[in-house]
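Structural description and commentary
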Amino acid sequence: MTMVFNICIGSAIQMAMVVAPILVLVSWLIGTPMNLVFGNPLDLLAIGGTAFVVRAVTADGETTWYEGVLLIGLYALLAMAFFFAAG
């Protein structure tokens, strides 16, 4: 299980480290500049909260149904927060 966690989290980090800079460069090329400055505090809260919960879930190297429900609840909470913040 530890290997699965390492592979999944490592792959997500590698994709973020490659895709985000590429999107910034491509946005400049197409004429709609994008930057990585977060204007909404909810964005930073989502990133920090997700990192904290993933660390808490993966710390012991095993998973339970309760941890899965915790993750689903976090994703639902973030979805509702962004839905209402945008509207």
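Attention in this report is confined to the structure presented alongside it. (Residues numbered from 1 in each chain as written. Predicted model: local features only at pLDDT ≥ 70, side-chain atom pairs only at ≥ 80, totals over all residues. Heavy atoms only, no water.)

1. Section: the nonpolar core
Here is a general trend for soluble globular proteins: nonpolar side chains tend to be buried in one another's company. Listed in full, the six residues of the largest apolar core are Ala46, Val53, Val57, Leu71, Leu74 and Leu78. Among all residues touching valine 53, those that are not within four sequence positions of it are Leu70, Leu71 and Leu74. (Core = buried A, V, L, I, M, F, W, Y, C linked by side-chain atoms within 4.5 Å. Buried < 20%, exposed > 50% of the residue type's maximum accessible area, 1.4 Å probe, protein only. Contact = heavy atoms within 4.5 Å.)

2. Focus: a nonpolar patch on the surface
Taken together, the side chains of Met15, Val18, Val19, Ile22, Leu23, Val26, Leu29, Ile30, Met34 and Leu36 present a nonpolar region at the surface, about 950 Å² in accessible area. Along the chain, methionine 34 turns up in the loop between helix 1 (2-30) and helix 2 (41-58). Using a relative accessible area of 33% as the deciding quantity, one classes methionine 34 as partly exposed. (Patch = residues over 30% accessible without salt bridge, like charges linked within 9 Å, V, L, I, M, F, W, Y side chains within 5 Å. Areas by Shrake-Rupley, 256 points an atom, 1.4 Å probe, with all protein chains shown as cover. Salt bridge = Lys/Arg side-chain N within 4 Å of Asp/Glu carboxyl O. Helix = DSSP H or I, 4+ residues; strand = E, 2+ residues; numbered from the N terminus.)

3. Some thoughts on helix 3 (residues 65-86)
The first and last C-alpha atoms of helix 3 sit 32 Å apart over 22 residues, in line with the 32 Å expected at 1.5 Å per residue. In this structure, the buried residues of helix 3 make contact with helix 2. (Expected span 1.5 Å × (residues − 1).)

4. Comments concerning the layout of surface pockets
Quantified by volume, the largest pocket comes out at close to 420 Å³. Ile9, Ala12, Thr50, Val54 and Tyr75 are, among the 14 residues lining the largest pocket, the residues nearest its centre. Among the secondary structure elements, those contributing two or more residues to the lining of the largest pocket are helix 1, helix 2 and helix 3. Counting residues per element, the lining of the largest pocket draws most heavily on helix 2, at six residues. Here the residues of the lining of the largest pocket sort into 11 nonpolar, three polar and no charged. (1 Å grid on protein atoms, 1.4 Å probe; cavity = no way out; pocket = protein on both sides within 12 Å on 5 of 7 lines; lining within 4 Å. Points joined across faces, edges and corners; volume = space filled by probe spheres on them. Nonpolar A, V, L, I, M, F, W, Y, C, P; charged D, E, K, R; others polar.)

5. What about the environment of alanine 85?
Following the sequence through the fold, alanine 85 ends up in helix 3. The partly exposed category is assigned to alanine 85, whose relative accessible area is 48%. C-alpha of alanine 85 to C-alpha of proline 33: the two residues are 52 residues apart in sequence and 23 Å apart in space.

6. A word on the side chain of glutamate 67
Here glutamate 67 is to be found in helix 3. Here glutamate 67 sits buried without a salt bridge, and the closest side chain of opposite charge, arginine 55, lies 10 Å off (N-O distance). When neighbours within four sequence positions are excluded, glutamate 67 is seen to be in contact with Val57, Asp60 and Glu62. (Lys, Arg positive; Asp, Glu negative; His and termini not counted.)

7. Some points on the packing of aromatic side chains
Counted under the stated rule, the structure contains two aromatic pairs. Plain terms: the ring middles of tryptophan 65 and tyrosine 66 are 6.0 Å apart, the flat faces sit at 85 degrees to each other, and that makes the pair edge-to-face. Exposure class is identical for tryptophan 65 and tyrosine 66. Each is exposed. Between the aromatic rings of phenylalanine 83 and phenylalanine 84, the centroid separation amounts to 5.2 Å while the plane-to-plane angle is 75 degrees, which identifies the pairing as edge-to-face. Using a relative accessible area of 59% as the deciding quantity, one classes phenylalanine 83 as exposed. (Phe/Tyr/Trp six-rings, centres within 6.5 Å; stacked < 30°, edge-to-face > 60°.)

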